[in-house]
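Letter by letter, the chains look like this.
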Amino acid sequence: MEKKAIASIVFFSLSVTMQSQKVLQPLASSYLTLSQSILTNYAASPFYLHGNLTVFMNDNTSAAGEIYYYLGETQDIKKFDFSHLLLWGLGKNFPLTRNFYLTPYLQTGLSYSKTKTMATDSIPAQAGITPLVSVKSDLQYFIHPIFHFFLQVRFLYGQHVYHPPLSLHQIGLSAGLGINFAREK
Amino acid sequence: MKIKYLCLTSTLLLKSIDLLTQNTSTTGMLSLGIRSTISTFSHDGVGLGTGGQFRIRFSPRVNSDWFLDYITIEKKPVRNTYYHIGWSVIYYFLRYQDAPRSIQPFLAAGHCFDYNQKTIILQPHLKKDRWGSAVQAGAGMHVFITPRLDITSICQYMIHFTPEIVAANYNGTYTLEIHEHNALEGHLLITAGLNYKLFPLWKKKQ
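Let me sum up the structure you'll find in this document. Model, not experiment: these values are computed from the prediction.

### Digging into the overall build of chain A
- The number of helices and strands found in chain A is one helix and 10 strands.
- Counting from the amino terminus, chain A carries its helices and strands in the arrangement α-β-β-β-β-β-β-β-β-β-β.
- Buried residues in chain A amount to 48% of all 185 residues.
- Sequence separation of 24 or more characterises 60% of the internal contacts of chain A that already satisfy a separation of 6 or more.

### Let's talk about the nonpolar core
- Grouped together as the largest cluster of nonpolar side chains are 12 residues: A:Leu39, A:Ala44, A:Tyr48, A:Tyr68, A:Tyr70, A:Phe80, A:Leu85, A:Leu87, A:Leu132, A:Leu156, A:Leu166 and A:Leu168.
- At the level of elements, β3 (61-73) and β4 (80-92) of chain A are the ones that each hand at least two residues to this core.
- The biggest single contributor to this core is β4(A), with three residues.
- Beyond its immediate chain neighbours, meaning those up to four positions away, A:Phe80 contacts A:Leu39, A:Tyr70, A:Glu73, A:Lys114, A:Thr115, A:Lys116, A:Leu166 and A:Leu168.
- Residues B:Leu149, B:Leu194, B:Tyr196 and B:Leu198 belong to the second largest nonpolar core, which totals nine residues.

### Concerning the environment of B:Gly49
- Its location among the elements puts B:Gly49 in strand β2 (residues 47-57).
- As a C-alpha pair, B:Gly49 and B:Ile73 span 24 residues in sequence and 8.8 Å in three-dimensional space.
- Excluding residues that lie within four positions of it along the chain, B:Gly49 makes contacts with A:Pro131, B:Arg35, B:Ser36, B:Thr37, B:Tyr70 and B:Ile71.

### Looking at the packing of aromatic side chains
- Following the criterion strictly, the structure yields 16 aromatic pairs over all chains and no others.
- Ring centres of B:Trp66 and B:Trp87 lie 6.5 Å apart, and the angle between their planes is 40°; on these two criteria the pair is classed as tilted. One end of the pair, B:Trp66, is in strand β3 (residues 62-75); the other, B:Trp87, is in strand β4 (residues 78-91), with 21 residues separating them in the sequence.
- Since its relative accessible area comes to 34%, B:Trp66 is described here as partly exposed.
- Consider the rings of B:Tyr115 and B:Trp131, whose centres lie 5.2 Å apart with planes at 50°: the pair is tilted. Of this pair, B:Tyr115 sits in strand β5 (residues 103-120) while B:Trp131 is found in strand β6 (residues 123-144), placing the two residues 16 residues apart along the sequence.
- When its relative accessible area of 56% is taken as the criterion, B:Trp131 is described as exposed.
- Three or more aromatic residues link up through ring pairs in this structure, and these residues are A:Tyr48, A:Tyr68, A:Tyr70 and A:Phe80.
- Above the plane of the ring of A:Phe94 lies A:Lys92, whose end atom (NZ or CZ) is 4.8 Å from the centre.
- The residue whose ring lies beneath A:Lys136 is A:Tyr105, and the NZ or CZ to ring-centre distance is 4.3 Å.

### A short note on empty space enclosed by the protein
Residue and element names in this part refer to chain B.
- Tallied over the entire structure, the rule returns two cavities of 30 Å³ or more.
- As a volume, the largest cavity reaches approximately 80 Å³.
- Forming the walls of the largest cavity are 13 residues, and the residues nearest its centre are Arg35, Arg55, Asp65, Thr152 and Ile154.
- Here the lining of the largest cavity takes four residues from strand β10 (residues 186-200), the largest share from any one element.
- Partitioning the lining of the largest cavity into residue classes produces five nonpolar, five polar and three charged.

### Things to note about the pairing of strand β1 (residues 24-39) of chain A
All names here are of chain A.
- Sheet topology places β1 next to strand β10 (residues 170-184); 11 bridges connect them, and they run antiparallel. What sits directly across from serine 29, in β10, is asparagine 180.
- Across nine bridges, β1 lies against strand β2 (residues 46-58) in antiparallel orientation. The residue bridging alanine 28 from the neighbouring strand is valine 55, located in β2.

### Brief notes about the environment of B:Gly140
All names here are of chain B.
- Tracing the chain through its elements places glycine 140 in strand β6.
- The exposure class of glycine 140 is buried, given its relative accessible area of 14%.
- In contact with glycine 140, other than residues within four places in its own chain, are Gln104, Pro105, Phe106, Ser153 and Ile154.

### A word on the pattern of salt bridges
- Evaluated as defined, the whole model comprises 11 salt bridges over all chains.
- Residue A:Lys136 is joined to A:Glu66 by a salt bridge in which the shortest nitrogen-to-oxygen separation is 3.0 Å. A residue pair is termed long-range when its members are at least 10 positions apart, and A:Lys136 in strand β7 (residues 127-144) and A:Glu66 in strand β3 qualify at 70 residues. For the pair formed by A:Lys136 and A:Glu66, the shared burial category is buried.
- With its nearest N and O atoms 3.5 Å apart, the salt bridge here joins B:Arg35 to B:Asp65. Here B:Arg35, found in strand β1 (residues 29-40), pairs with B:Asp65, found in strand β3; they are 30 residues apart in sequence, far enough to count as distant.
- Each of B:Arg35, B:Arg55, B:Asp65, B:Asp69 and B:Asp150 takes part in salt bridges that share partners, so that together they form one network.

### Description of unusual backbone geometry
- Cis geometry marks the peptide bond from A:His163 to A:Pro164; its omega dihedral reads -10°.
- Across the junction of B:Lys76 and B:Pro77, the peptide omega takes the value 10°, indicating a cis bond.
- Note that B:Pro77 resides in the loop between β3 and β4.
- Non-glycine residue A:Asn99 carries a positive phi angle of around 70°.
- Assignment of secondary structure puts A:Asn99 in the loop between β5 (94-97) and β6 (100-115).

Here is what the cut-offs are and how they apply
- In this convention, every chain numbers its residues from 1, walking through the sequence in written order.
- Key to labels: chains lettered from A, ligands numbered from 1, both in the order written.
- The predicted nature of this model means local features are confined to residues of pLDDT at least 70 and side-chain atom pairs, given and counted, to a pLDDT of 80 or more, with totals for whole chains, interfaces and linings taken over all residues.
- Hydrogens and waters are ignored; side-chain quantities use all the structure's heavy atoms.
- Strands are runs of DSSP state E lasting at least two residues, helices are runs of H or I lasting at least four, and both sets are numbered from the N terminus onward.
- Only protein chains enter the calculation, and the probe is 1.4 Å; a residue is then buried if its accessible area is under 20% of its type maximum, exposed if over 50%, and partly exposed in between.
- Whether two residues are in contact is decided by their heavy atoms, any of which lying within 4.5 Å being enough.
- Definition of nonpolar core: a set of buried residues of the types Ala, Val, Leu, Ile, Met, Phe, Trp, Tyr and Cys, connected through side-chain atoms within 4.5 Å.
- Aromatic pairs are defined between Phe, Tyr and Trp rings, using the six-membered ring for Trp, whenever the two ring centres lie within 6.5 Å; interplanar angles under 30 degrees are classed as stacked, those over 60 as edge-to-face, and all others as tilted.
- In our convention, an over-ring charge means Lys NZ or Arg CZ found within 6 Å of a ring centre and within 35 degrees of that ring's normal.
- Whether a set of points on the 1 Å grid over the protein atoms alone is a cavity depends on a 1.4 Å probe fitting there but being unable to get out, while an open set qualifies as a pocket with protein on both sides within 12 Å along at least five of seven lines; lining residues are those with an atom within 4 Å of a point.
- Grid points are joined across faces, edges and corners, and a volume is the space filled by probe spheres set on the points.
- Polar here means any residue other than Ala, Val, Leu, Ile, Met, Phe, Trp, Tyr, Cys and Pro, which are nonpolar, and Asp, Glu, Lys and Arg, which are charged; Gly is therefore polar.
- A pair of strands counts as paired when DSSP detects no fewer than two bridges linking them.
- By convention in these notes, a salt bridge is any Lys or Arg side-chain nitrogen within 4 Å of a carboxyl oxygen on Asp or Glu.

Okay, here's the thing in structure tokens:
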């Protein structure tokens, strides 16, 4: 049983390695992963379910749309009831080596957030939609015509202007395995 | 099999866009982009906006920018929400050249419809809104990253032709009032965006 499992892993690794020898032209990619952020102005670390869809418009330009669904915070005392983020933008692809792309993006977007009502507050917290701007960098390694590894680092700037106001500035990280459509060059 | 079909279809689609946009500086070029705006130098305070725009180029020196912005500003005790829907004419005072020339400066002026809602943050039931009209003018530049992709930054002043809503404080109680004498007040808008040239809507006659 163990031998079969090891043989399967070796076979999969070999097939991936053989595929990675081919030069791939990515056309579109997508992933769903968990993402961790740290607010820069407060001791708060929200984490999200992060979905991404990227379209490679040509060799050097990509368009990416992303959704971050708030799942919670790692601290006991939470800053948000919820804080969902939606971002979209364009980026420039820098092929580093074969099948390896670095893509910096400028993104704009919206946050739908509600902060926690404090015990001292006379009125309840309000939910609202506020603008966001984000700079992110994607590192993608296309190992297979339908699989790629990715690492994303982002800085997000925004201000929740509903009561009680809260800065949304945060640094975030996402990583994992995604799917893609790619053709051989 | 399905994946192969999908790859083939996507490749054909991208190739057809490639063919349509080989000459990225042609008259009639349609571009699509995203933008972020900082609103400042206003009684309302400093705020951030998000939005998008498309451009249609009329001639080698004249382009047009059609935009939508959603801006929020918080300056206690008031929260401001602005929507700007409008257009600007872009004039290239230097001869227009695409990439590999890296920078193209321009002047811009135009008109927009604006919606403003003011809310007293601690009394959210106290809110007042108005629709209005505004003009804006300024200068900016395209920075070409590729022949089709550019970063555009623009700084423009927007003057509203509509009386402003003002928060008045009467012994600690806030109210929102419309002040006629505040017409012609405005704000400075600093915008940064990315634009992608899609395809020409029409071809220049030879």
